[in-house]
Amino acid sequence: MSDKIYSKCGMRCDLCLIYRPNVEKNDRREEICNVYKKAFPGYNQNPKTIICDGCSNEKENAILLEATCKTRKCVQNKGYIHCGYCEEYPCEIFPAEPSHDELVHIIDEEKRWTWEEEKLMEAYNCKRNMDEFRKLLIKI
């Protein structure tokens, strides 16, 4: 369909700043870790060590951002490539993300992070990524 690389839950690995191939090309982990700290209070990963091989990686020693991800386990159990293929999409375990109105409130009113920083989070918009995927799937 395209050069997009999706995680099991719909994150875009090809855009992810901690995805190993992206880190090896251009290490921007410090930038994304700074945004993670603002977006997820209490989340404090070391930008020098955080890395992810992608949850579709089949290697036994693959490093994953969240090794115990419920969505990943569900998709694997059902035999799908990712959530976009599931007839139950989106379900109760599908990752939640802020709506556009919530983002406007968080960024423009609460000033937790900036729109420039939000652009760095593009890879993690699972619902938007999967909705776009499903639109393309229907057209095929």
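Residues numbered from 1 in each chain as written. Predicted model: local features only at pLDDT ≥ 70, side-chain atom pairs only at ≥ 80, totals over all residues. Heavy atoms only, no water.

Novice: Is there a simple way to explain the pattern of salt bridges in this structure?
Specialist: Charged atoms that come close allow side chains of opposite charge to pair. Under the criterion given, the structure shown has 9 salt bridges. Its salt-bridge partner being Asp27, residue Arg29 comes within 2.8 Å of it at the nearest N-O pair. Exposure remark for Asp27: the relative accessible area of 44% places this residue in the partly exposed category. Across the salt bridge formed by Lys38 and Glu117, the nearest N and O atoms sit 2.6 Å from each other. In this pair, Lys38 is assigned in helix H2 (residues 29-39) and Glu117 in helix H5 (residues 115-120), connecting sequence segments 79 residues apart. Classification of Glu117 by relative accessible area gives buried; the value is 14%. (Salt bridge = Lys/Arg side-chain N within 4 Å of Asp/Glu carboxyl O. Buried < 20%, exposed > 50% of the residue type's maximum accessible area, 1.4 Å probe, protein only. Helix = DSSP H or I, 4+ residues; strand = E, 2+ residues; numbered from the N terminus.)

Novice: Help me understand the environment of Pro90, please; the structure alone is not making it clear to me.
Specialist: Locating Pro90 in the fold gives a position in the loop between helix H3 (70-78) and helix H4 (100-109). The partly exposed category is assigned to Pro90, whose relative accessible area is 42%. For the pair Pro90 and Asp131, spaced 41 residues apart in sequence, the C-alpha to C-alpha distance is 9.3 Å.

Everything listed is a geometric property; what it means functionally is a separate question.
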